[in-house]
Amino acid sequence: MCKCAKVTFYEVEFKLSGLRVIPTHKNCGEGLNDDQFNSFEKELVKYWGFEQK
């Protein structure tokens, strides 16, 4: 798991691992942990203009 302090929207890329898509940090190449993924997901939803329920 990624141990980077702050992960921004533009530092995330998606890699295919078997049949799963894994969000990874571009700088270290490791998968995001749960807190980082939740933060990224909120930022992505906000960027796309969808409202969360």
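Residues numbered from 1 in each chain as written. Predicted model: local features only at pLDDT ≥ 70, side-chain atom pairs only at ≥ 80, totals over all residues. Heavy atoms only, no water.

1. Some remarks on the pattern of salt bridges
And step 1. Tallied over the full model, the rule gives one salt bridge.
And step 2. A salt bridge links Lys-15 to Glu-13, with the nearest nitrogen and oxygen atoms 3.9 Å apart.
And step 3. For Lys-15, a relative accessible area of 38% puts it in the partly exposed group. (Salt bridge = Lys/Arg side-chain N within 4 Å of Asp/Glu carboxyl O. Buried < 20%, exposed > 50% of the residue type's maximum accessible area, 1.4 Å probe, protein only.)

2. Quick look at a nonpolar patch on the surface
And step 1. Taken together, the side chains of Tyr-10, Tyr-47, Trp-48 and Phe-50 present a nonpolar region at the surface, about 590 Å² in accessible area.
And step 2. Inspection of the secondary structure assignment puts Tyr-47 in helix H1 (residues 34–48).
And step 3. Classification of Tyr-47 as exposed rests on a relative accessible area of 54%. (Patch = residues over 30% accessible without salt bridge, like charges linked within 9 Å, V, L, I, M, F, W, Y side chains within 5 Å. Areas by Shrake-Rupley, 256 points an atom, 1.4 Å probe, with all protein chains shown as cover. Helix = DSSP H or I, 4+ residues; strand = E, 2+ residues; numbered from the N terminus.)

3. Quick word on the side chain of Gln-36
And step 1. Summarising the element assignment, Gln-36 is placed in helix H1.
And step 2. Its relative accessible area of 10% is what places Gln-36 among the buried residues.

4. Considering the packing of aromatic side chains
And step 1. Inspection of the entire model under this criterion finds four aromatic pairs.
And step 2. Summarising the aromatic geometry, the rings of Phe-9 and Phe-40 are spaced 5.9 Å apart at their centres and angled 20 degrees between planes, so their arrangement reads as stacked. Note that Phe-9 is positioned in the segment before strand S1 (12–17) and Phe-40 in helix H1, a separation of 31 residues in sequence.
And step 3. When the ring of Phe-14 is compared with that of Phe-40, the centres are 6.0 Å apart and the planes differ by 55 degrees; the resulting orientation is tilted. One end of the pair, Phe-14, is in strand S1; the other, Phe-40, is in helix H1, and 26 residues separate them in sequence.
And step 4. Take Phe-40: its relative accessible area is 7%, and that puts it in the buried class.
And step 5. Feature note: the residues Phe-9, Tyr-10, Phe-14, Phe-40 and Tyr-47 constitute an aromatic cluster, connected by ring pairs. (Phe/Tyr/Trp six-rings, centres within 6.5 Å; stacked < 30°, edge-to-face > 60°.)

Just distances and angles here, no functional claims.
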